[in-house]
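# Notes for the structure review
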Amino acid sequence: MQQSPDALRVGLVNDLGPIDDGSFNQYAHEGLTRAAQEHGLDAIVIETEAPEAYVENLRSAVERGCDLIVTIGSRTGPQIERFAVRHPQVRFVAVDHEPAEESQNVTGLLFAEDQAAFLAGALAGLMTEDNRVGFVGGPDVRPVRRFHRGFEHGLDCTNSRAKLLETVVDSFADLEAGAEAGRQLVDRGADVVFAAAGLSGDGALLAAAQDGAWVIGVDKDQWMTTFQEGKVEGSERLLTSAVKHVDRAVYDAVTRAVEGELRGGILRFHLRNHGVGLAPYHQADGEIPSEVKGRIQEIADRLRSGEIRTYVGPDGEDLRESFTGRITAWNWHAVLMPLLAVLSALIIGAFFIGTFDPVVWDAFERGIGLGAFAVWRSVSRAYIALFEGAFGSPARIVQGVQLYMATGNPGQLVRAIRPLTETVRISTPYVFAGLAVALGFQCGLFNIGAEGQYFIGGLATVFVGYAITGLPWFIHLPLAMLAGFVGGAIWAGISGFLKAETGAHEVITTIMLNFIAFRLSDYMLQVGGPMAAPGARPVSPRIMPSAELPQFFPANPAINVNAGIFVALAAAAFVFWLLFKTTIGFEIRTVGASPRAARTAGMSVTRNFILAMAISGGLAGMAAVHDILGVIRFMPNAFHSGYGFDAIALALLGKSHPVGVVLASFLFGALRAGAQRMQAPPARVPIDIISIVQALVIIFVAAPELIRLVYRIREPEEERKAVFTRGWGQT
Amino acid sequence: MTAIAERIGARHGTSRARTITYGILFLVTGLAIVLFFARTTGPDQISTFDLTVRTDPPLLLVPEVALPTRLALLVLAAISALAGVWQLAVGFRRANWALGSVALVFIVAFLTWATRDSSLNVVSLLRTAFLRSVPLALAALSGVLCERSAVINISIEGMMLMGAFVGAIMGSLALNVLGWSFAVSQGLGLLSALGSGALLGLLLAVLSVRFKVDQIIAGTAINILATGVTSFFSARILSQFRFLNNPGIIPPFSIPVLSAIPIIGPVFFEHSVLVYVMMLLLIGIHVMLWYTVWGLRTRSVGEHPRAADTLGIDVFRNRYINVTAGGMVAALGGAFLVLASVGRFDRLMTAGKGFIGLAAMIFGNWTPFGAFGAATIFGFADALQTRLAILRVPIPSQFLLMTPYIVTIIVLAGVVGEANPPAADGQAYEKE
């Protein structure tokens, strides 16, 4: 081993393809050569011709005495990590690779692709004439995602009316498929095309440029490489390229190593340290108006100074924070589909109501016209009852307001808005339960046991509620709520623990725990049971007034809407913050997306499973907290809540997003509240119609193809298919 | 690479640690019998096991078995302790069978203790246990059919509920409205139930195979749908037209020779026809899975659909057929509840039996006979708790009823036994 830095031996092992590939291999080589010349290093290069030979080549580099090995790591990250652990004396510098936390001797070179792409997008937005811009993405890896999102945001920055057409090519090396994708985009009207898909992307650019669209290259200055300095047809249509200066990065890393300053971890390259940027305009220079150039220069400066940000996360996620920003960036397709799902479900529900009504049958016996009228009356009556049961009768509310204005007596007004308060009251536990399942989904866990967690949370909260006396409310109430949360959290935590430690599938363990919880609460609350009140009814004692949730209308005992709704909304805000603004949430979502990737990135899958499941169960427990401390004030035996399944529908409908879950909860709360009125005369529709509607909503949301088929909606270019669950034995 | 090796290891592994765990478990069982049961028993207490069936007239007269409680318990304790010593010293070749036997010894000990100074009719207990296990076994068989072709079916519950409902309403319609004969009406009820199960199975298959919906979500939706539809009609129609919910009960039929065997006869062979259908299905599915081409194809689709596809097996078709058949088997379980057990449909009458069947399937390691065995254990726990109430055993029945679920979790966690689901279970298959 050579210790002195001036005799440092450096090796380059490329991941695949020749060293003069006009891409990262070549750039890395250039950077390395320059560093070797400047610092007098001994450099060797090993080309990898087949993926199988990669590790063998790393080994031969080590055997030939390299102290530092530079390599391209976007595809070979795990191999590098495994290899590096076995050769702790050698340093590894890997382009596009995020080292595992525990690795000591791997340095990853990461680039702010989003900044380069942001500039490209801004330019595209200024250059497009038809307001249609195309993007060709490669396989779903982080750099591609960052390019994609950065481009989207940059486009949005200069031209909010421009529409982004997206296509994905499932390979980095399929010229033909890329070309096809490029032609398609032009056919669909794109007049600027940006591609981040390796060789496939080159194909797309060539095809699009030859079809007359403006194109923007990626990774390297493609005018020099793909368009061979203007020798290839279409080179005049290349606006610029969003470049990653891999050569500079490699040079920088090697220089640091020479100076003894290279450490493990990540070196980041962005606009400010000239690690990324736009390539010269070359032949297109004359075609780009000077004010456009000025604008791009200005945006680049402001990005550099931090005045504007790309709002792209490390995983390519959208970080635009402002609420209005979110609304405008809202994917309307994503809203339309659930709405259509609910609408379709209600229509089928109407079919059930109208068809299976004895009154309707009688009417049909007397004549078709009468029958048709009876169907209309049956359905309209039911849905009017549904509406009035959910939101109150407008006429009565107006009357109530008038009376209140006239006499100052709010009694009738309060009675008139009772349906509305019922909707809020019923929605509150839905918010908790829906959040519980949604949080699980985000971590790739299917918490089907909200019901059992609800029981255990209920037992815990009611126990603290009645057994502890003499506390002021501001201590007793939070304590009782905490008990409910912890109860549910422990119950679900068992499943999380079993999943993490043994791989036991949470669907089965939570179902089993549901039954166990049911039996346990049956035992506790049966007449004479440990937690039963004296007497012949199988119920718990009444909770102390100091543990009750404050009511909105304490004067009217028929109205039970209470402060729990604020807790629920706060819980939704908390889940949102946790999931999208904290490292914990990022880890949970990463584990949800791919446990394997998370593990490679050094995250503890075990810990995240347990944590997510526990929080999820705690939220389910909070549903019981609301129902017991805010509504019934004791716990009856065997109260079938049905939250377990409802919650799944809510999480699906809300796309596992806290805001979506809240909206879905109010929708279902309104349906349930309305169904109570629908059950009463004159409509007399069994409340179970809501279950039918719910089931259909789940089916339609989970199988959007069905909705698209019915309403003839075109499939969006790219729909993120969430993996909710895996088979029994897999993690 | 390592992951695969670990999985394979897990599949064939009766590891050293587990061998020791089992040995200690057997020893502890023996100790527990002594500590909890034998120690609290007086020296002259007697446990009486009655082996006759109180039929009229009494057909078979089998003598009662009276055991001195404490002695019997000590013998049983010794058996488990010996098993433990053997396991630690030599090791059973089929450790899980040994585990089952020791568990059985424990249950017998428990019953002996519970019956001290009292009498327990064993035959009637087993008979009830078997009857209660029939719907569970059908549910579990449904699960086996679906999951062997890698479609997780958690909507067994909903399919059973639908089968029960349709069986009740169609049977009643034929009997009470159309005035058909009893047997034909029952047959129609049964066939309609099977049809409804097939439809729901097909729905699950379409959602999970064609639309590639997450199978658990699809199953959940079907559960809610079945609950909603059956409850809706039950409230809207059956409550008004009572004659639509009265299909009658299929009378029991004693199998000529077999029912004459003491003990076994009354336990297994004096039941409704549907019970025998379950037995035939059990054997049929076992033979189908392991001795026919179709079974081989099904299992290969469940383990490695890509390989199966390469060999020219139509993965989609296989899944459609198996899941549809699974739906029919589940619906049969529901129809059993109405046509052979209760005689009417009640809202939510399956009460979680589908989920218990699912647990039985896992417990039985995705094999028909394993699932059936597990179902009988669940049925036994169910039957036992009513008996224990009569015997005034100071254990709350709820805890007894909890035991099967706890055991399922333990099995699933791999502490004892081993769970080997089909490798592709739960994954949608995409053709390349």
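First, a word on scope: everything that follows refers to the structure included in this document. (Residues numbered from 1 in each chain as written. Chains lettered and ligands numbered in written order. Predicted model: local features only at pLDDT ≥ 70, side-chain atom pairs only at ≥ 80, totals over all residues.)

Residue and element names in this part refer to chain A. If you walk across this open sheet you meet the six strands as S7-S6-S8-S9-S10-S12, and the pairing is mixed. Lying at the two open borders of the sheet, with one neighbouring strand each, are strand S7 (163-168) and strand S12 (276-278). Along the sheet, successive strands turn relative to each other by an average axial angle of 15 degrees, direction set aside. Pairing geometry for strand S6 (residues 132-137) and S7, over six bridges, is parallel. By the bridge assignment for S7, glycine 137 is matched with valine 168. This element, helix H4 (residues 113-127), spans S6, strand S8 (192-196), strand S9 (214-219), strand S10 (238-244) and S12 of the sheet and lies at about 165 degrees to S10. (Pairing = 2+ DSSP bridges. Helix = DSSP H or I, 4+ residues; strand = E, 2+ residues; numbered from the N terminus. Axes fitted to C-alpha atoms, helices over the stretch in contact; angles between N-to-C directions. Contact = placed C-beta atoms within 7 Å.)

Residues and elements named next belong to chain A. The element S9 is largely enclosed, with a buried count of six among its six residues. Relative to S9, S8 is paired through three bridges, and the arrangement is parallel. Paired with valine 193 across the strands is valine 215, a residue of S9. On the question of chirality, the crossover connecting S8 to the parallel S9 by way of helix H7 (residues 198-210) is right-handed. Sheet analysis places S9 next to S10, joined by five bridges and oriented parallel. Across the sheet, the residue bridging to valine 215 is leucine 238, located in S10. (Buried ≥ 20, exposed ≤ 12 C-beta atoms within 10 Å, placed from the backbone. Right-handed = clockwise from strand over helix to strand, strands pointing away.)

Right, let's get into the sheet that holds strand S1 (residues 9-13) of chain A. Residue and element names in this part refer to chain A. Read across the sheet, six strands follow the order S2-S1-S3-S4-S5-S11 without closing on themselves; strand pairing throughout is parallel. Looking along the sheet, the strands with just one partner apiece sit at the ends: strand S2 (42-46) and strand S11 (265-269). In this sheet, adjacent strand axes meet at a mean angle of 20 degrees when their direction is disregarded. Here five bridges tie strand S3 (residues 68-72) to strand S4 (residues 91-95), and the two strands are oriented parallel to one another. Its bridge partner being in S4, valine 70 is matched across the sheet by valine 93.

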